[in-house]
Amino acid sequence: MPEKPVILMPEDIQRIMGKDAQRNNILAAKMVAEIVKTTLGPKGMDKMLVSPTNDIIVTNDGVTILNEMQIEHPAAKMMVEIAKTQEKEVGDGTTTAVMIAGKLLENAEKLLDKKIHPTVITKGYRLAAEKCQEILKEISLKITPENEDILKQIAMTAMTGKGAEGSKEKFAEIIVKAVKQIMDNGKIDLKDIQIEKIKGNATEDTELISGIVLDKEKVSADMPEIVENAKIALIDFPLELKSPEIDTKISISSPEQLQSFIDQEDKEIRKMIEKIKISGANVIFCQKGIDDFAQYLLSKERIYACRRVSNSDLKKISKATAGKIVSNLNELNSLELGHAQIVEEVKQGEEIFTYIKGCQNPKAITILIHGGTEHVIDETERALKDGLGDVASSLKTGLVVPGGGAIEIELARRLRHFGQSLSGREQLAVEEFACALEFIPITLAENAGIDPIDVLTELKSRHDAGEKYAGINLINNKIENTLEAKIIEPWKIKSQAISSSTEVAIMILRIDDVIASSGKSGGMTGMGGMPQGYGGLD
Ligand code: ADP
Ligand code: MG
């Protein structure tokens, strides 16, 4: 009797094994790094991304590019994840992180060609990464919130060569002021810095508002346009009578009865408004509705009111004005009110906003970005967020490092030294790890049209001679002490980039079998279907 074949998986499952799987994954990862490479550094170029609906994004931001590209290849997707993690953890350094991972894998391929086993490579990489973290801590410098100049330089380094370049000094000032303002006992939550965008005027008109800009108009045209010395009530209940939960029938047999019913309702509303008036409030932000009669009464009292303000906005206003969100009118009193110098309705182009500004010591504030076109505004916002992320990160950890490739060269130098203490094969992996780090200054130079070999040789010899902060300054194209040249970055950018790129490189190197369903048979459709994802790379 012939033996029956054993069938493990449906026929349309695609499987790539061994070397092929490894090479294919490495190729995909390299391609991802290659895509963002030209955007690195102050002289990096931008990319124009056009969506299926013809929306255009012009950007230099690694994570934005990769996010918009709808990458399908499973290993390439892992690379995109590095950028996302970097964005979440630091808010900057996404290109750097992806490039290091790409280079780690490219260099690993060289070792694979020399018949070095992936487990040896991954061990070497892991040892190198650990050592790197140790050295990084050693070389980094301490800062405190009082070092405002350094913080501004960090913000400026983040924005050099980006959308905000033209007014980076002003932006740096805004960023440092904003982050320090919302810092609460050493804690920083960037969500407390609201970013609003307004088309019109120029980028340099971007401003910091000590308060909140709400995209709401006042509920009635009869209310005042502007309230000075605002006393703000924040309420999360409606200023209208509750509609009964169950249908109720009211029998009315005479016009008088109807009138008295309506009068009764009006009386209730009047009572509510009276309580607000007694509290001393002249502005109300209400999370729910405000009925017509209440609006009329509020207008008569010259009280400014907005309705249906979202709970998150209400919380921000509360943080900015130090007012409490009140859930019961009986609790409303002058102590619960928030304060702002001015609450005002402002028309910007087509849109109407309520500005709450001049708050004293606000714990939530707004950066209002101006700009000529939407693309400019969006790219300015991305640059600004890089700056905010870097300043926040530097304040949180209190540690910074020299930029312009200085830190990478020093890490590489010390890693090689460390490598000498290891066995032959792992030493090779550590050497490749060091080379991957040098790829950052090489690319910075290349993108600026400077000979990368010259730069690398000079950097290496200067570091060997003990100049540990020597890097390439792309403002004057000189190799110099980048700390003195005020090119400074947060420690966390580098430490996060190294840890996530090593993790992903190791993960990809350990894969020697890729099993993917074609999508039709369901199952692993998340892998993007190997036929297109893989075929496209060959
Ligand atoms: P990422 O997405 O990795 O943050 P960027 O395009 O922002 O990429 O480039 C960051 C790199 O540019 C860092 O290595 C930083 O040190 C470097 N850099 C910033 N300003 C300068 C400068 N003036 N001269 C040289 N290098 C700079
Ligand atoms: Mg950056």
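Structure report, in brief. (Residues numbered from 1 in each chain as written. Chains lettered and ligands numbered in written order. Predicted model: local features only at pLDDT ≥ 70, side-chain atom pairs only at ≥ 80, totals over all residues. Heavy atoms only, no water.)

## Points about the overall build of the protein chain
Turning to step 1, where the next piece is worked out: Scanning the protein chain for helices and strands turns up 16 helices and 19 strands.
Turning to step 2, where the next piece is worked out: Across its three principal axes, the protein chain shows a C-alpha extent of roughly 100 × 80 × 40 Å.
Turning to step 3, where the next piece is worked out: In the protein chain, which comprises 538 residues, the proportion classed as buried is 51%.
Turning to step 4, where the next piece is worked out: Long-range contacts, defined as pairs at least 24 residues apart, comprise 74% of the intrachain contacts of the protein chain with a sequence gap of at least 6. (Helix = DSSP H or I, 4+ residues; strand = E, 2+ residues; numbered from the N terminus. Buried < 20%, exposed > 50% of the residue type's maximum accessible area, 1.4 Å probe, protein only. Contact = heavy atoms within 4.5 Å.)

## Side note on the sheet that holds strand β5 (residues 193-199)
Turning to step 1, where the next piece is worked out: Within the open sheet, the three strands sit side by side as β5-β14-β6. Their pairing is mixed. Looking at which strands have only one partner, the edges of the open sheet turn out to be β5 and β6 (207-209). Mean inter-strand twist for the sheet, computed between neighbouring axes without regard to direction, equals 25°.
Turning to step 2, where the next piece is worked out: Sheet topology places β6 next to strand β14 (residues 365-371); three bridges connect them, and they run antiparallel. Paired with isoleucine 209 across the strands is threonine 366, a residue of β14.
Turning to step 3, where the next piece is worked out: Relative to the sheet, helix α7 (residues 168-182) contacts β5, β6 and β14, its axis offset from that of β14 by approximately 160°. (Pairing = 2+ DSSP bridges. Axes fitted to C-alpha atoms, helices over the stretch in contact; angles between N-to-C directions.)

## Details of helix α8 (residues 255-279)
Turning to step 1, where the next piece is worked out: For α8, which comprises 25 residues, the first-to-last C-alpha distance of 36 Å matches the rise-based estimate of 36 Å (1.5 Å per residue) to within 8%.
Turning to step 2, where the next piece is worked out: Among the residues of α8, Ile269, Met272, Ile273, Ile276 and Ser279 are the ones counted as buried.
Turning to step 3, where the next piece is worked out: For α8, the secondary structure elements touched by its buried residues are β9 (283-286) and α9 (292-300).
Turning to step 4, where the next piece is worked out: Once α8 ends, the next one or two residues include glycine 280, with phi positive near 95°. (Expected span 1.5 Å × (residues − 1).)

## Points about helix α14 (residues 452-464)
Turning to step 1, where the next piece is worked out: Here α14 contains 13 residues, and its C-alpha end-to-end distance of 18 Å stays within 8% of the 18 Å for a straight helix at 1.5 Å per residue.
Turning to step 2, where the next piece is worked out: Residues of α14 that are buried include every one of Pro452, Val455, Leu456, Leu459 and His463, and no others. Seen end-on, α14 carries its buried residues on one side only, within an arc spanning 95°. Residues Ile453, Asp454 and Asp464 are exposed on α14 and point more than 90 degrees away from its buried face. (Arc of directions from axis to C-beta.)

## Quick word on the site of ligand 1
Turning to step 1, where the next piece is worked out: The environment of ligand 1 is formed by 22 residues, the closest being Asp92, Thr95, Thr96, Gly404 and Glu489.
Turning to step 2, where the next piece is worked out: Between ligand 1 and the protein, one listed contact pairs an oxygen atom with a side-chain N or O atom of threonine 95 at 2.7 Å.
Turning to step 3, where the next piece is worked out: Starting from 570 Å² of accessible surface for ligand 1 in isolation, the protein chains cover 97%.
Turning to step 4, where the next piece is worked out: Every element with two or more residues in the shell around ligand 1 is listed here: α4 (94-113) and β16 (470-473).
Turning to step 5, where the next piece is worked out: Of the residues forming the shell around ligand 1, the biggest block, three residues, is contributed by α4.
Turning to step 6, where the next piece is worked out: In terms of residue class, the shell around ligand 1 is built from seven nonpolar, eleven polar and four charged. (Near = heavy atom within 4 Å. Polar contact = N/O pair within 3.5 Å; in protein donor to acceptor, adjacent residues only side chain to side chain. Areas by Shrake-Rupley, 256 points an atom, 1.4 Å probe, with all protein chains shown as cover. Nonpolar A, V, L, I, M, F, W, Y, C, P; charged D, E, K, R; others polar.)

## Focus on the pattern of salt bridges
Turning to step 1, where the next piece is worked out: In this structure the tally under the stated criterion is 32 salt bridges.
Turning to step 2, where the next piece is worked out: Measuring nitrogen to oxygen at the nearest pair gives 3.9 Å for the salt bridge that ties glutamate 301 to lysine 277. Of this pair, glutamate 301 sits in the loop between α9 and β10 (304-306) while lysine 277 sits in helix α8, and the two are 24 residues apart along the sequence.
Turning to step 3, where the next piece is worked out: Its relative accessible area of 32% is what places glutamate 301 among the partly exposed residues.
Turning to step 4, where the next piece is worked out: On the basis of relative accessible area, lysine 277 is assigned to the partly exposed category, the value being 40%.
Turning to step 5, where the next piece is worked out: The salt bridge partner of glutamate 431 is arginine 416, with a shortest N-O separation of 3.0 Å. One end of the pair, glutamate 431, is in helix α13 (residues 424-447); the other, arginine 416, is in helix α12 (residues 406-419), with 15 residues separating them in the sequence.
Turning to step 6, where the next piece is worked out: Overall, glutamate 431 belongs to the partly exposed group, its relative accessible area being 30%.
Turning to step 7, where the next piece is worked out: A relative accessible area of 21% means that arginine 416 is categorised as partly exposed.
Turning to step 8, where the next piece is worked out: It is possible to trace a salt-bridge network through shared partners that takes in Arg23, Lys30, Glu109 and Asp113. (Salt bridge = Lys/Arg side-chain N within 4 Å of Asp/Glu carboxyl O.)

## Notes on the side chain of threonine 94
Turning to step 1, where the next piece is worked out: Looking at the secondary structure, you find threonine 94 in helix α4.
Turning to step 2, where the next piece is worked out: The residues contacting threonine 94, other than those within four sequence positions of it, are Asp61, Gly62, Val63, Ala83, Gln86 and Glu87.

## A few points about the packing of aromatic side chains
Turning to step 1, where the next piece is worked out: Taken as a whole, this structure holds two aromatic pairs when the rule is applied.
Turning to step 2, where the next piece is worked out: A centroid spacing of 5.7 Å and a plane angle of 75° characterise the contact between tyrosine 125 and phenylalanine 433, whose relative ring orientation is edge-to-face. You can see tyrosine 125 sitting in helix α5 (residues 118-139) and its partner phenylalanine 433 sitting in helix α13, a full 308 residues away along the chain. With respect to class, tyrosine 125 is no different from phenylalanine 433; both count as buried.
Turning to step 3, where the next piece is worked out: Ring geometry for phenylalanine 293 against tyrosine 296: centres 6.1 Å apart, planes inclined by 25°, an arrangement best described as stacked. Highlighted residues: phenylalanine 293 and tyrosine 296, both in helix α9, separated by three residues, approximately one helical turn.
Turning to step 4, where the next piece is worked out: Under the relative-accessibility criterion, phenylalanine 293 is labelled buried at 19%.
Turning to step 5, where the next piece is worked out: Positioned over the ring face of phenylalanine 439 is lysine 103, at 4.2 Å from the centre of the ring. (Phe/Tyr/Trp six-rings, centres within 6.5 Å; stacked < 30°, edge-to-face > 60°. Lys NZ or Arg CZ within 6 Å of the ring centre and 35° of its normal.)

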